[in-house]
Amino acid sequence: MDFAVLGYAITSMETETYRPARVILLGEDAGPELRRSTSLDALVTPQSPPFFVWHTAEDPYVPAEHTYRLAAALAAGQVTHAVHVFAHGPHSLGLARNAGEAAIWTTLAKAWILEQA
C-alpha cells in the first residue's frame, strides 16, 4: 500500500509564512496559479494516499501552519491521516533521539504504518 510520512513539510506555496522556500523552488515572480498548482494542500483528493505528518510548534523555519493546512485538506478530502504537532523542538530533529516528547514520532509512525497494511 502507498502512504506518505512527512516531517516539517512545506505543504503550501500559497502562504507567505515560508517565503524563502517558495522563492528558491518557484522563483521570485511565481504567480497565484503556479503557487496553487504546487501546493500539496491544494492537491489533496479522496484518492490521495494515507498520510502521517509530524511537526514541532517551535520550528522557526517551517511554521506548523503548513501541517495544519495539510491536515485540514486531508480531513476535507476524507483521506486517512495522522497528524502530530509536538510543543517543543527545533527544525531538523530527524529521528529526534533524546528530543523530549517529539522523540516518540518514530514509534507513532511505525504503529501507524503497520495499521495501514
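Values in this document were obtained by computation on a predicted structure and should not be read as measured data.

1. Comments concerning the environment of Glu65
Here is step 1 of the chain: Here Glu65 shows up in helix α4 (residues 65-76).
Here is step 2 of the chain: Exposure remark for Glu65: the relative accessible area of 28% places this residue in the partly exposed category.
Here is step 3 of the chain: The spatial distance from the C-alpha of Glu65 to the C-alpha of Ser12 is 9.2 Å, given a sequence separation of 53 residues.
Here is step 4 of the chain: A distance of 3.4 Å separates the side chain of Glu65 from the side chain of Thr15, its partner in a polar contact.

2. Comments concerning the packing of aromatic side chains
Here is step 1 of the chain: Here the structure, examined in full by the defined rule, presents 6 aromatic pairs.
Here is step 2 of the chain: Taken together, a centroid distance of 5.8 Å and an interplanar angle of 50° make the contact between Phe52 and Trp112 tilted. In this pair, Phe52 sits in strand β2 (residues 51-56) while Trp112 sits in helix α5 (residues 105-116), placing the two residues 60 residues apart along the sequence.
Here is step 3 of the chain: Ring geometry for Trp54 and Trp105: centres 4.7 Å apart, planes at 15°, overall stacked. Of this pair, Trp54 sits in strand β2 while Trp105 is found in helix α5, placing the two residues 51 residues apart along the sequence. For the pair Trp54 and Trp105, one class covers both residues: buried.
Here is step 4 of the chain: Among the aromatic residues, those joined into a ring-pair cluster are Phe3, Tyr8, Phe52, Trp54, Phe86, Trp105 and Trp112.

Conventions adopted
Residues numbered from 1 in each chain as written. Predicted model: local features only at pLDDT ≥ 70, side-chain atom pairs only at ≥ 80, totals over all residues. Heavy atoms only, no water. Helix = DSSP H or I, 4+ residues; strand = E, 2+ residues; numbered from the N terminus. Buried < 20%, exposed > 50% of the residue type's maximum accessible area, 1.4 Å probe, protein only. Polar contact = N/O pair within 3.5 Å; in protein donor to acceptor, adjacent residues only side chain to side chain. Phe/Tyr/Trp six-rings, centres within 6.5 Å; stacked < 30°, edge-to-face > 60°.

In short, the description is geometric, and any link to function would need to be established separately.
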